Amino acid sequence: MEYLEFELPIKELQDQYEKACKIGEDSDVDVTNTCAQIEKKLNETKKEIYKNLTPWQRVQLSRHPNRPYTLDYINAICGDSFLELHGDRNFKDDKAMIGGLGKIGDQSYMFIGQQKGYNTKTRQYRNFGMANPEGYRKALRLMKSAEKFGIPVVCLIDTPGAYPGLEAEERGQGEAIARNILEMTRLKVPIIVVIIGEGASGGALGIGVGDRVLMLENTWYSVISPESCSSILWRSWEFKEQAAEALKLTATDMKKQKLIDLIVKEPLGGAHTNREKTFIDVAKIISKTYGELKNLSPKDLVENRMEKYSEMGVFKG
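Criteria and cut-off values
- Residues numbered from 1 in each chain as written.
- Predicted model: local features only at pLDDT ≥ 70, side-chain atom pairs only at ≥ 80, totals over all residues.
- Heavy atoms only, no water.
- Disulfide = S-S within 2.5 Å.
- Buried < 20%, exposed > 50% of the residue type's maximum accessible area, 1.4 Å probe, protein only.
- Salt bridge = Lys/Arg side-chain N within 4 Å of Asp/Glu carboxyl O.
- Helix = DSSP H or I, 4+ residues; strand = E, 2+ residues; numbered from the N terminus.

Caption draft 1: Layout of the state of the cysteines. This structure, assessed with the given rule, holds 0 disulfides. Residue cysteine 35 stays outside any disulfide, its sulfur separated by 3.3 Å from that of cysteine 21, the closest cysteine. Cysteine cysteine 155 is unpaired, with the sulfur of cysteine 78 as its nearest cysteine sulfur at 14 Å. Overall, the relative accessible area of 0% leaves cysteine 155 in the buried class.

Here you go:
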């Protein structure tokens, strides 16, 4: 298990607990009370730390190297029923954007999401979860296929942003994202969006328009990352914590501003501390949300979606 800087007090207590238990196993000394005391202190420390997380600490948790990625969710939720589909039928297959058909129970869904890598090689292969225009065009192709066959769409967002390279701009990165936003507003099947990690800028918005937008507890959703915001406003990355605070990018902030519909609670310490529970909770909430949307007519779906986004940013004094 890897620990972040603010989690070091937990690591120290965890190490003490493991050492005490090992002494008990390797000798005749009774350390039951000692272990119980350390375990109690460990649990109290965890609750205290995770109860008072700052926005920057939540950003760090959303990037935790052990945190599950899109394919982890899909494989756990769908099992062998997932069939990945490739290519935008125009340029190539973008490995940073994955999608395909899968089932939760007896219901089929079209899953789409950004995929990050686990090590240097796979991070390069997945382009660090930053999709090119062909990735967004692949996503749109899959959404249109889902619409044709009446299959609901589930988008799992986890990206530091769309790829900002010269070749991406040459192939129309801005147009691809804008086209997706337009087409998603009028797609005639339910769209459920779940932010499972980082939700940065147009990279997230390109697959982020939905009838319901859900955020896991330790994720963030913003027009810009705290580091980039800090570098623009202060000409340095040193002010990223202040930037994270000012951007109001946490799930709680998003819910308060009515930009998302629901916060999905994570296990204590983050999604990576109990992956199985996180996968089960996400699968349940997807099924429940689809149950609320499935009886709406295509016309009502589109009208409600349009109204939902039209009301954002409107404040009555």
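Let us keep going from here.
Caption draft 2: Representation of the pattern of salt bridges in the model. Tallied over the full model, the rule gives 22 salt bridges. Between arginine 171 and glutamate 134 there is a salt bridge whose closest N-O contact spans 3.0 Å. Placement of the pair is arginine 171 in the loop between α7 (166-170) and α8 (173-185) and glutamate 134 in helix α6 (residues 133-148), with a sequence separation of 37 residues. Taking relative accessible area as the criterion, arginine 171 reaches 24% and is therefore assigned partly exposed. For glutamate 134, a relative accessible area of 1% gives the class buried. For lysine 144, the salt bridge is made with glutamate 147, and the minimal N-O distance between the two is 3.7 Å. Residue lysine 144 and its partner glutamate 147 are both found in helix α6; the two are separated by 3 residues, about one turn of the helix. Connected through shared salt-bridge partners, Arg137, Lys144, Glu147, Glu175, Arg179, Glu183 and Arg186 make up one network.

So yeah, pure geometry; function would need other evidence.
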